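# Chains, contacts and geometry: an overview
Below, each chain spelled out in residue letters.
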Amino acid sequence: MSKSKTTLDVILATLRQREGTRLTANELSAKMVEENPEWAEKKRSKSRNPAIRDGGFEELRAHVQSEIGSHRTRIENHETLRMTEDRPRRYYYSKLSDSEELEAVETSTDLGGQSASISEHDLYPLLAGFLRNEHGVYTRRIDERKSRNTQGSGGNRWLHPDLIGFEVVSERWSETIQQLVHSRSDPSSRLWSFEVKKLINRANLREVFFQTLSNSAWANLAYLVTREITGKGTLDELRILSSQHGVGLIQLDADFPEESVFLIQAEERAEVDWTAANRLSEENPDAEAVFRQVRVYHQAGELTKEFWD
């Protein structure tokens, strides 16, 4: 007599057939019920809930989805089952270690069944659009290849953010308040720094976090941006580091950028470190152009929107 399939057995079999493909609990539960009719019918007949026992496909699928959530610890500790730390949580099968998975993502343009043919550089305009449209933050790409490298080989390591953001806070204020702030010489804008990664897991989380911290020393707000977070405890570790150093975290949705979310809010620095800003400006013409535009805004009171990405 064959052993009855457990929910974990069916999760494993369903994801193994789609190795590397990320499925939400909703998607996974639907595949499990569709592809395992005998297992599904047995589960339905044994249920004490009449809504499930006498219901249709959707009632059973919803029940299986809740069971997937209850198996979180087993999935976390499984050798080949993985799930993302961000939301919505996605489940997948992989034989790769964290380091191998990171290398595969960085050298490939296909991330587990998500939008294919997308690189880290492709994420920059998506992030720029999300920040501008949803939060009024104007951004400009900083190309590290343009740096002068006056500090010698390795002297500019972790100096450049991927994007610099400029937020005119006073745009949302009345004319009276804008004039009052200007007369008091109070800050009416904020500078943001963004470091973008395709994937953060246990293999690279500390490196990318401290890279973000290093290249944002001058900014009011610093954010690490990623498309995906995987690995047990990765997000918890990022929260601990953020509480210590003030760097925030954004999950970028490449398919629907407007659905991107701030997972961790950055701690605002009241003052810009102009010495650090000067170092960046001297080394990189893109950064110099950004700071020049910030100066023009504060002198003329007008934002040249065409300059920003």
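Here, the structure is the one placed above.
Here's a quick rundown of the structure. (Residues numbered from 1 in each chain as written. Predicted model: local features only at pLDDT ≥ 70, side-chain atom pairs only at ≥ 80, totals over all residues. Heavy atoms only, no water.)

Where empty space is left can be seen by rolling a probe of water-molecule size over the atoms. A complete count under the given rule lists 1 cavity of 30 Å³ or more for this structure. Lining the largest cavity are Phe209, Leu224, Leu238, Ser242, Val247, Gly248, Leu249 and Ile264. Across the lining of the largest cavity, the residue classes break down as 6 nonpolar, 2 polar and no charged. (1 Å grid on protein atoms, 1.4 Å probe; cavity = no way out; pocket = protein on both sides within 12 Å on 5 of 7 lines; lining within 4 Å. Points joined across faces, edges and corners; volume = space filled by probe spheres on them. Nonpolar A, V, L, I, M, F, W, Y, C, P; charged D, E, K, R; others polar.)

Pairing is mixed in the open sheet, where 6 strands are placed in the order E4-E5-E6-E7-E8-E9. The open sheet has two free edges, formed respectively by strand E4 (137-141) and strand E9 (261-264), since each of these has just one partner strand. On average, each strand axis in the sheet is inclined to that of its neighbour by 30 degrees, with strand direction left out of account. Here E4 runs beside strand E5 (residues 163-168); their pairing, made up of 5 bridges, is antiparallel. Bridging across to E5, Arg141 finds its partner in Leu163. Its contacts with the sheet put helix H11 (residues 234-245) on strand E6 (189-200), strand E7 (221-229), strand E8 (248-251) and E9, and the angle it makes with E9 is roughly 75 degrees. (Pairing = 2+ DSSP bridges. Helix = DSSP H or I, 4+ residues; strand = E, 2+ residues; numbered from the N terminus. Axes fitted to C-alpha atoms, helices over the stretch in contact; angles between N-to-C directions. Contact = heavy atoms within 4.5 Å.)

It is worth spelling out H11 at this point. Across its 12 residues, H11 extends 16 Å between first and last C-alpha, which sits within 8% of the 16 Å expected from 1.5 Å per residue. For H11, the set of buried residues is Thr234, Leu235, Glu237, Leu238, Leu241 and Ser242. One face of H11 carries all of its buried residues, which in axial projection span an arc of 155 degrees. Across from the buried face of H11, at angles greater than 90 degrees, the exposed residues are Ser243 and Gln244. Its buried side turned inward, H11 meets E6, helix H10 (205-214), E7, E8 and E9. (Expected span 1.5 Å × (residues − 1). Buried < 20%, exposed > 50% of the residue type's maximum accessible area, 1.4 Å probe, protein only. Arc of directions from axis to C-beta.)

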